[in-house]
Amino acid sequence: MGARCSAAAVRWDAGASADVPERGRLVVDAGETSVGIFRIDGALHAYENRCAHAGGPICQGLMVPRVVELLDERRAIIGSAFDETDLNIACPWHGAEYSIRTGRHAGKPAIALRRIPVEEVGGRIYVIA
Amino acid sequence: MDLPVPDLPTRQAKRRAVQEITIHTDTREILANARRDTERFGLDSYYIVDVDAHHVELDSWSEVLAHIQDPVLRYNAQAIARNWPYAGNLAMSNHAPGLTMQDVAGRIPHQAQLAEAVPPIAGEHRDLTLVRRAMEAMSIDLQVVFPQPMLGIGMHPSAQTETELVLAYNRWFTSRILPHEPRIKTMLALPFRDPEACLRTVREFGDVPGVIGFLVTSQRQAQVNSPGYMRLYAELEERGLPLGFHAGPDYNMERAVNRFLSVHALSFVTCNMVHLTNWVINGLPERFPKLKVVWIESGLAWIPFMMQRLDHEWLLRQSDAPLLKRLPSEYMRDMYYTSQPMEVTDMDLLQSTFRAMKAETQLLWSSDWPHWDFDTPGRIAGLEFLSEQAKRNILGENARRVFGLP
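Residues numbered from 1 in each chain as written. Chains lettered and ligands numbered in written order. Predicted model: local features only at pLDDT ≥ 70, side-chain atom pairs only at ≥ 80, totals over all residues.

So, about the packing of helix H10 (residues 260–281) of chain B against helix H12 (residues 302–316) of chain B. Residue and element names in this part refer to chain B. Running from N to C, H10 and H12 point in directions that differ by 40 degrees, and their axes come no closer than 11 Å. Where H10 crosses over H12, the handedness of that crossing is right-handed. Packed against H10, whose contacting residues are Val 269, Met 273, Leu 276, Thr 277 and Val 280, the element H12 presents Trp 302, Met 306 and Leu 310 at the interface. Tallied by class, residues from the contact of H10 with H12 come to seven nonpolar, one polar and no charged. (Axes fitted to C-alpha atoms, helices over the stretch in contact; angles between N-to-C directions. Helix = DSSP H or I, 4+ residues; strand = E, 2+ residues; numbered from the N terminus. Left-handed = near helix turned anticlockwise from the far one by under 90°. Contact = placed C-beta atoms within 7 Å. Nonpolar A, V, L, I, M, F, W, Y, C, P; charged D, E, K, R; others polar.)

Rendered as C-alpha cells:
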C-alpha cells in the first residue's frame, strides 16, 4: 500500500535515528495523528496507530515473529515455529496481527494498516501526517 | 516507499509516554482510541449502557471466601487458600486452566490482568477505579458488571460448592462493590443447580439497589425447562426482573476440537443455543409471557441460524412442541440480545441479522471489557445502515426500557 499525505500535510520531526533501533519502534503524536515508526533490516516503516479491525492502538502492540506450522512429507503437522524474517505487530485491543514490513494482515493481506510517509535525513526521522 | 514533499513546514512530534501497552498500562491509555471515537461520533450526547462487563473476583478471593455461609466449607476453603502454594486466589474454585489462553500469549495484555497503578482510596475497592476508568474512556453512563471465572461455576464438580460460592460472591459484591458506585449495576448469578436456592437468591437480593436482574451462567448441563425452575421464573416475572443467560467457554470441548480459537468460537455459542432451544421449544415464552430474557455474549451470527433452523423443524414437527402458538423465530424476536462480540466480517449479513432480530428494539450494546474480544460503542455508532434513533436505542435506550433504568 502506498503512502499518502493530505493537502494540509505537515512534516513532523519524530526523533533521532537512534530512537528507532533495528527491530525497534517509536510511537509519536504528530498533531492529531498518532504514528508508529519501526525499523526492519535498516528500513523505516511508519503506520497510523489505528488498527484496521476496530481502531485499536496497533503500533503500541507486542512485536512478535510470524507463527508458522511445520508439516512433514505426509502433510501432517509436526510442530510450530517463529519465522524470524517476518516480524509482526499484534494489536493490543484484540490481537489482529500485521507484518511490520508490509503493513498487511498476517492472514488476509487485503486488510492493511494506513502507511505514513517517513524519511531519515541527517540523523533525524520525519513523518508526514 | 514514497518520500515526503521536501518543502513542507516542519513541526516537532511528541513522543508518547507509553510506547508498548502491557498489563501495567493504565486503562485510559489502552482505550485512548475509543475516547477519540467518542469525540468523532459525539457519543457524549448519547445515553450509553454497557450490559456486559467484568471484574476479576479472584483478585479478591480471600474476601469472597469469608462470605461462605456454611462454616465447614468456609473453613476448608480458607485452609486450602492458606496452605497450598498458589491457592490464595483459587481455593475451592473451578478456574479452568484454558482461561490463560485467552490473551493469545501476551498479545492482548488487558485480558491477562489490569495491573495498572491505582492510588488507594480510603475504604474503596480497587475494582471501582478500574470500572470508572473504562466507563470514562468509552463514555458509558451505566455499566452492568459481572464476575469472570465464576461464569464457569456451572461446571464445578460439586453442586453444593457452586451454591455456596455463588451466594458468597453475591454477598461480597453487593456489600463491597455495588453500594459504592451508583453507575455500576449487576445481574447476580443464580446457584442454578439448586432451584430452591435460586428462589432464595432472588428474594434475598431482588430488592438490593443496583441489582437489575439475575443470571444463569450458561455453561452447564442443566435443562432450563425442568419443572423445578418454574417458581423461579414466576418470581422473576412477577418482580419484572430480566433473566440473563451469560455464555462461557467449555474447555472440555478440547476433547473434540484442538485449538483455543475453536473452543471459543463454538462453546460461547453452543451453550446458549441449547438453552434457547429448550426455552422456546418447551413453550416457556407462552408460560411466562412477561418474563424478559436476555442472551449475553454469544455474538449475533447465531441468531438468524437459530430462527431458520427452529422454524423449519417446528413447521414439520408441531406435535413435538404443541405449546407454541407462533413460530420459534417470533418468540426469539421478543427476546433481547447483547451485541458483543459483534461479527463484522460481512456487513450485508450483519445488516440482515439486525433486520431478522429487530435489533432496533431488541439489541443491547455490550462491551465485555476487559476481555480480549471486547467492543467499543464506536462499533455501533459507525454502522452506516443504522438510523440515528436505532443507534441511540442499541447503545442505551433499549437497556433503559428493559431494565427500567433512570
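Moving on, there is more to tell.
Residue and element names in this part refer to chain A. Across the sheet, three strands lie side by side as S5-S6-S7; this open sheet has antiparallel pairing. Where the open sheet ends on each side, the last strands, each with one partner, are strand S5 (62–71) and strand S7 (97–99). Adjacent strand axes in the sheet meet at a mean angle of 50 degrees when their direction is disregarded. As paired elements, S5 and strand S6 (residues 77–90) share 10 bridges and run antiparallel to each other. Bridge pairing in S6 links Leu 70 to Gly 79. (Pairing = 2+ DSSP bridges.)

Let us look at the UniProt feature "domain: Rieske" (unreviewed entry) in chain A. As annotated in UniProt, the feature "domain: Rieske" (unreviewed entry) corresponds to residues 12–127 of chain A in the numbering used here. Secondary structure content for residues 12–127 of chain A is 0% helix and 52% strand, and the end C-alpha separation is 5 Å. (UniProt positions renumbered as here; feature names shortened; annotations may be inferred.)

Attention now goes to the sheet that holds strand S1 (residues 11–16) of chain A. One open sheet accounts for four strands, arranged S8(A)-S9(A)-S1(A)-S1(B); its pairing is mixed. For this open sheet the edge positions go to strand S8 (118–121) of chain A together with strand S1 (10–12) of chain B, each flanked by a neighbour on one side alone. Geometrically, the sheet is characterised by an average inter-axis angle of 35 degrees between neighbouring strands, direction not taken into account. The pairing of S1(A) with S1(B) spans three bridges and is classified as parallel. Paired with Asp13(A) across the two strands is Gln12(B), which belongs to S1(B).

All names here are of chain A. Most of strand S9 (residues 124–128) sits out of view: four of its five residues are buried. Sheet analysis places S1 next to S9, joined by five bridges and oriented antiparallel. Following the sheet pairing, Gly 15 is matched in S9 by Ile 125. The loop that links S8 with its antiparallel partner S9 comprises two residues; one of these, Gly 122, has a positive phi angle of about 55 degrees. (Buried ≥ 20, exposed ≤ 12 C-beta atoms within 10 Å, placed from the backbone.)

Every contact between the two is made by 31 residues of chain B and, on the other side, 34 residues of chain A. Residue assignment for the side of chain B that touches chain A shows that the elements contributing at least two residues are S1, strand S2 (14–15), helix H2 (32–41) and helix H16 (378–381) of chain B. When grouped by side-chain class, the residues that make up the side of chain B that touches chain A number 14 nonpolar, seven polar and 10 charged. Direction of pairing for strand S2 (residues 25–30) of chain A relative to S2(B): antiparallel, over a ladder of two bridges. Within S2(B), the residue paired with Asp29(A) across the bridge is Lys14(B).

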